Amino acid sequence: MTTEKKSPAKVKPKTKTKAKPATASPKIQKAIDVATKAHAGQMRRNGEPYISHPLAVQKILTEWGMDEDTIIAGILHDTIEDTDLTLDDIKKEFGESVAFLVDGVTKVSQARSGMRDLNTYLPETRDNFLRLLIALGSDIRVLIIKLADRLHNIRTISALPPDKQKKIATETLEVFAPLADRLNMGQLRVELADRAFQYANPKRYQELKTLIETRNKSAAKTIKKIEEEISALLKKEKIDFEISGRAKSIYSLHKKLAKYDQNIDAIYDLLALRFIVDDITTCYLTLGLIHSLYTPLDGRIKDYIAMPKQNGYQSIHTTVITPEKNIIEFQIRTHEMHEYAERGLAASFYYNEQKLTENYRSGKIQHLPTNLLWINELQTAAAKLRSGQKVDLGKLKLDLFSDQIFVYTPKGDIIALPKGSMPLDFAYQLHSEIGGHVVGAKINGKMSNLKTKLKQGDVVEIITNKNQTPKDSWFDKLFTRHARQKLRQQLNKLTNQGS
Ligand code: MN
C-alpha cells in the first residue's frame, strides 16, 4: 500500500484523479432496495446482515470510479445464486446490460468452484472453464465486479473457519492477485496478495513483515538523506515533483527471495523512492539528474515509458549506488502513469467511460489502454464460443495468468502449474505418492517423453506402478520447487531406510 508523502515542493491539486462522488442515483437506490429485500434474513459469518456485503462491493466499485451499470450489478451480484430473484426480474427492473453483468458474475462463481478444488471430481469442469472464459471475455466489467467481491471477502476473511480461509487465500494468490496484476491494478494486487498470504502462510508472513520493518527502520536515515539530496537538486532545476513512498508487498518479497536463494542482499528494490512529475520529458530529465548524483548499476535501468509492460505499466526504473554504498531504486513517472499503475483498468474506465460504454454497446472494444490487447483477443474468442464455433484453447494466447498454465487431468480437473512444468511436476502436484511411482505419461492421449514441457490446455494422464521408486535422475525432469522438494524428501527417506 502506498503512503503518499507530499514533498515540500509545489503540489498540484489532483482534481482529475478523484473518484466520482458517491451519491446514489435513483437507479442505484432502487438496486439497494431490491437487494436488501431479496437478502432479508440472510446473515454473513461475522453476524452482520448479508446485505452489508453487496453494499461494501458497491462502495469499492464507486471508489474505483466504475460506471452506474457496473455498480448496480455489484449490488445485485449475489441475488441470482442466493435469493429468489431471477435474471428475468433483473432484466425487467434494471435492463439488459445490468442483467448481462449479473449473469456473468454468477457464471464465474460457478466456474470458479471447479478451478481449485482438486478433491471434487466434477466431470463438467472443463466446460466450466469455458464458461469462465465466456463470462470474462464477454465483458471485462464482470471481472472487475469479481475483483471487488473478492476484495471484500478477503477483508472479512477472519470470520471464516480455518479450512475455508486457506482455500480462499490460496485461490486469491493464484487467481485473483495475478488478475489484478494483468489489469495493472497495483494497489489492489498488493492488498489482495498480502491479506491472502497472511492466511496462506502465516509464519512466513510474520517473518518477512518483521524483516521489512527492521530493514526500513535502519534505512530510514539513509532514505531521508537521499530524498533531501535529490529534492534539492530538482528544486534548483525548477522541476515540480511529488515523492511517493512505496512499501514493497510482503508477498512479492517472498516470491523474489525464492528466486534469489533467500539472499536478501540480492534484492535491490527493497529501498525505493518514487518521483512523480508533470510530463514525460521531465521524467527523462529527472533520470539524468539522479544519475548525475549517484552511479547507476549496470543493466538496471528499465525504460517502461518507451516500452510499457504488457499490462500497460509505465515508469522509468533505475537502481543506483550512493557514495555511502547504499543501493536504492528510483521510479520516475508522470501523474497519469502513477494513477494508472495504482488503479489500472479501473482508472481508464474513469477516463474513457463514455467511449468504452459506447463500444460495449456496439460490441467492440477499441479504446483500451496501451497493451491490453489480450482483452480483445479474449473477447473475440468468447464471441466465437458463444456462437457455437470451435476455438482451440491451446492456440488462444490467454495471457491472463502470465506465468501460469492450466492443464487437465483425464477427468477434467484443472491443475495450475508454472510455465515450464513437465509431466512429473504435474504428478507431484496431484500428490507426492503419485509422483514417486511414475513410469510414464500420456499427453493428449499420446505416450510422451517425461521431459516434454506442458502447454496450456494439455490433458495429462500419469501412469504409475507401485513397484517404481523415486530416482536421482528425476531432478532433470522437474521444474517446480514443490516437486523438487518432495523428490528430495523421498530420496532422503529411501537412503535412510537403506542404511
Ligand atoms: Mn459476493
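Residues numbered from 1 in each chain as written. Predicted model: local features only at pLDDT ≥ 70, side-chain atom pairs only at ≥ 80, totals over all residues. Heavy atoms only, no water.

Novice: Explanation requested: the sheet that holds strand β11 (residues 446-448) in the structure shown.
Specialist: Hydrogen bonds between backbone groups are what pair the strands of a sheet, and the pairing can be parallel or antiparallel. An order of β11-β10-β12 is seen for the three strands of this open sheet, with the pairing classed as antiparallel. Edge positions in the sheet fall to β11 and β12 (460-464), since each of these pairs with one other strand and no more. For this sheet, the mean angle separating the axes of adjacent strands, direction not counted, is 35°. (Pairing = 2+ DSSP bridges. Helix = DSSP H or I, 4+ residues; strand = E, 2+ residues; numbered from the N terminus. Axes fitted to C-alpha atoms, helices over the stretch in contact; angles between N-to-C directions.)

Novice: Explain the packing of helix α1 (residues 26-38) against helix α3 (residues 68-75) to me, please; I cannot follow it from the model alone.
Specialist: Helix-helix packing: each pair is described by the crossing angle between the helix axes and the interaxial distance. In the contact formed by α1 and α3, the axes pass within 9 Å of each other and the chain directions differ by 10°. With respect to their mutual orientation, α1 and α3 come out roughly parallel. Of α3, the residues touching α1 (which contributes Lys27, Ile28, Ala31, Ile32 and Ala35) are Glu68, Asp69, Ile71, Ile72 and Ile75. Split by residue class, the contact of α1 with α3 holds seven nonpolar, no polar and three charged. (Parallel < 35°, antiparallel > 145°, perpendicular 65-115°, else oblique. Contact = heavy atoms within 4.5 Å. Nonpolar A, V, L, I, M, F, W, Y, C, P; charged D, E, K, R; others polar.)

Novice: Teacher, can you tell me more about the environment of Ala159 here?
Specialist: When you line up the elements, Ala159 lands in the loop between α8 (140-155) and α9 (162-182). We classify Ala159 as partly exposed; its relative accessible area is 31%. In this structure, the C-alpha to C-alpha distance between Ala159 and Arg44, residues 115 residues apart in sequence, is 8.9 Å. Dropping the residues within four chain positions of it, Ala159 is found in contact with Arg45 and Asn46. (Buried < 20%, exposed > 50% of the residue type's maximum accessible area, 1.4 Å probe, protein only.)

Novice: Would you explain the packing of aromatic side chains in this entry?
Specialist: Here the distance between the centres and the angle between the planes together describe a pair of aromatic rings. Under the counting rule described, the total for this entry stands at six aromatic pairs. Considering the side-chain rings of Phe241 and Phe275, the 5.8 Å spacing of their centres and the 45° angle between planes classify their relative orientation as tilted. Of this pair, Phe241 sits in strand β2 (residues 241-246) while Phe275 sits in strand β3 (residues 272-277), and the two are 34 residues apart along the sequence. Both residues of the pair, Phe241 and Phe275, belong to the buried class. Ring centres of Phe275 and Phe330 lie 6.0 Å apart, and the angle between their planes is 35°; this geometry places the pair in the tilted category. Taken as a pair, Phe275 in strand β3 and Phe330 in strand β7 (residues 327-334) lie far apart in primary sequence, 55 residues in all. Under the relative-accessibility criterion, Phe275 is labelled buried at 0%. Judged by its relative accessible area of 0%, Phe330 is buried. Joined through ring pairs, the aromatic side chains of Phe241, Phe275, Tyr294 and Phe330 make up one cluster. Taking NZ or CZ as reference, Lys30 lies 5.1 Å from the ring centre of Phe94, over its face. (Phe/Tyr/Trp six-rings, centres within 6.5 Å; stacked < 30°, edge-to-face > 60°. Lys NZ or Arg CZ within 6 Å of the ring centre and 35° of its normal.)

Novice: Can you walk me through helix α2 (residues 52-63) in this structure?
Specialist: Along an α-helix, residues three or four apart share an orientation, since each turn contains 3.6 residues. The end-to-end C-alpha distance of α2 is 16 Å, a good match for the 16 Å that 12 residues give at a rise of 1.5 Å each. Extensive coverage of α2 is indicated by the burial of nine of its 12 residues. Among all positions of α2, only Ser52, His53, Pro54, Ala56, Val57, Gln58, Ile60, Leu61 and Thr62 are buried. Along its buried surface, α2 packs onto α1, α3 and α8. Downstream of α2 by a residue or two, Gly65 has a phi angle that is positive, lying close to 75°. (Expected span 1.5 Å × (residues − 1).)

Novice: Can you walk me through the coordination of the manganese ion in this structure?
Specialist: Six octahedral donors around a metal ideally subtend angles of 90 or 180 degrees, whereas four tetrahedral donors ideally subtend 109.5 degrees. In this structure, His53 (NE2), His77 (NE2), Asp78 (OD) and Asp149 (OD) serve as the protein donors to the manganese ion, at separations of 2.2 to 2.4 Å. For the manganese ion, the single-chain donor residues occur in sequence as H-x23-H-D-x70-D. Note that Asp78 is positioned in the loop between α3 and α4 (79-82) and Asp149 in helix α8, a separation of 71 residues in sequence. Across the pair, exposure class does not vary: Asp78 and Asp149 are buried alike. (Donors = N, O, S within 2.8 Å, 3.2 Å for Na, K, Ca; no water.)

Novice: Just to check I follow, could you spell out helix α11 (residues 202-236) for this structure?
Specialist: Helix length check: α11, at 35 residues, gives a terminal C-alpha distance of 47 Å against a target of 51 Å (1.5 Å per residue), a fit within 8%. A bend of about 50° at Ala219 is the largest found in α11. Just downstream of α11 lies Lys238, where phi reads positive at about 60°. (Bend = angle between axes of the 7 residues up to and from the residue.)

Novice: Can you help me understand the pattern of salt bridges in this one?
Specialist: Between side chains of opposite charge, a pair can form as their charged atoms come close. All told, the structure shown has 14 salt bridges when counted by the stated rule. We note a salt bridge from Arg155 to Glu191, for which the minimum N-O separation is 2.7 Å. Taken together, the residues span a long stretch of sequence, with Arg155 in helix α8 and Glu191 in helix α10 (residues 186-200) at a distance of 36 residues. You can call Glu191 buried: its relative accessible area is 11%. Note that Arg195 and Glu191 form a salt bridge whose closest N and O atoms lie 2.8 Å from each other. Taken as a pair, Arg195 and Glu191 lie in helix α10 at a separation of four residues, close to a single helical turn. Among the residues examined, Arg195 registers a relative accessible area of 32% and is labelled partly exposed. (Salt bridge = Lys/Arg side-chain N within 4 Å of Asp/Glu carboxyl O.)

Novice: In this structure, what is going on with unusual backbone geometry? I would like to understand it.
Specialist: Both trends apply: most residues other than glycine have a negative phi, and most peptide bonds are in trans. If you check the backbone angles, Lys238 has positive phi at about 60° while not being a glycine. Its location among the elements puts Lys238 in the loop between α11 and β2. Residue Lys238 is classed as exposed on the basis of its relative accessible area, which comes to 76%. Located in the positive-phi region is Lys325, a residue other than glycine, with phi close to 70°. You can see Lys325 is positioned in the loop between β6 (316-321) and β7. In this structure Lys325 comes out as exposed when scored by relative accessible area, which is 64%.

Novice: I would appreciate a short explanation of the environment of Thr156 in the present structure.
Specialist: Tracing the sequence through the fold places Thr156 in the loop between α8 and α9. With 111 residues separating them along the chain, Thr156 and Arg45 place their C-alpha atoms 9.2 Å apart. Of note is the side chain of Thr156, whose polar atom sits 3.1 Å from the side chain of Arg44. (Polar contact = N/O pair within 3.5 Å; in protein donor to acceptor, adjacent residues only side chain to side chain.)

Novice: What's the story with the nonpolar core in this structure? I'm lost.
Specialist: Note that soluble globular proteins tend to have their nonpolar side chains buried in a common cluster. The biggest cluster of nonpolar side chains holds 60 residues, and the ones touching the most others in it are Leu61, Trp64, Leu76, Leu147 and Leu192. Among the elements that take part in this core, α8 stands out by supplying nine residues, more than any other. If you count residues domain by domain, this core takes at least three from each of domain 1 (4-14 + 202-343) and domain 2 (26-196). Leaving out residues up to four positions away in the same chain, Leu76 has contacts with Ala31, Val34, Ala35, Ile90, Phe94, Val98 and Val102. Judged by nonpolar contacts, the second largest core, of 25 residues, contains Ile226, Leu233, Ile290 and Tyr294. (Core = buried A, V, L, I, M, F, W, Y, C linked by side-chain atoms within 4.5 Å. Domains from an automatic or database assignment.)

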